[in-house]
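# Architecture at a glance
Spelled out, the chains give:
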Amino acid sequence: SENEPATFLQEPWKKLSNDSKLIGHGITAVIERSCMIEKGAVSTTILSGRLSSDRAAAISNRGKSVNDEIKVQAGDEYFACALSIVLHSKSP
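These notes cover the structure that comes with them. Quick caveat, the model's predicted, so the values are computed rather than measured.

The rules behind each value
- Residues numbered from 1 in each chain as written.
- Predicted model: local features only at pLDDT ≥ 70, side-chain atom pairs only at ≥ 80, totals over all residues.
- Heavy atoms only, no water.
- Salt bridge = Lys/Arg side-chain N within 4 Å of Asp/Glu carboxyl O.
- Buried < 20%, exposed > 50% of the residue type's maximum accessible area, 1.4 Å probe, protein only.
- Helix = DSSP H or I, 4+ residues; strand = E, 2+ residues; numbered from the N terminus.
- Pairing = 2+ DSSP bridges.

This part is about the pattern of salt bridges. One pass over the full model with this rule turns up 2 salt bridges. A salt bridge links Lys 21 to Asp 19, with the shortest nitrogen-to-oxygen separation between them at 4.0 Å. Its relative accessible area of 54% is what places Lys 21 among the exposed residues.

All right, on to unusual backbone geometry then. Unusually for a residue other than glycine, Ser 20 sits at a positive phi of about 65°. Looking at where Ser 20 falls in the secondary structure, it is placed in the loop between strand E1 (7-16) and strand E2 (22-32). What makes Ser 20 exposed here is its relative accessible area of 56%.

Taken together, the 9 bridges between E2 and strand E3 (residues 37-50) define a ladder with antiparallel strand orientation. Its bridge partner being in E3, Gly 26 is matched across the sheet by Thr 45. Here 13 bridges tie E3 to strand E4 (residues 77-89), and the two strands are oriented antiparallel to one another. Bridge pairing links Gly 49 to Tyr 78 in E4.

Function cannot be read off these values alone, since they describe shape.
Written out as C-alpha cells, the structure is:
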C-alpha cells in the first residue's frame, strides 16, 4: 500500500573462473515502491582477466588509425568496469 516504506535490496556477487580465481564482482541495488520510483536498479560490474588472441587483435586494429604505437597482445591483463542504471517512475 502507499503507506508502506520503499524497499532497498543490495546483492553483491562474484564470478569465478573454472579454476576458482576471481574474474569479476559487483553489486546490484534495487529500490521498489518509493514515492517517485516504482522500481529501479543500479548495477556495478568489475571484471579482469587475460586477453584472448581474438580480443587482442580487435583492440589493436581499433587503435591503428589513432596511434600506431598500441601494442596489445594475447595474454595481456585487462580490467573493465561498468555501471548500469534503470529507473521506472511511478505513474501519477
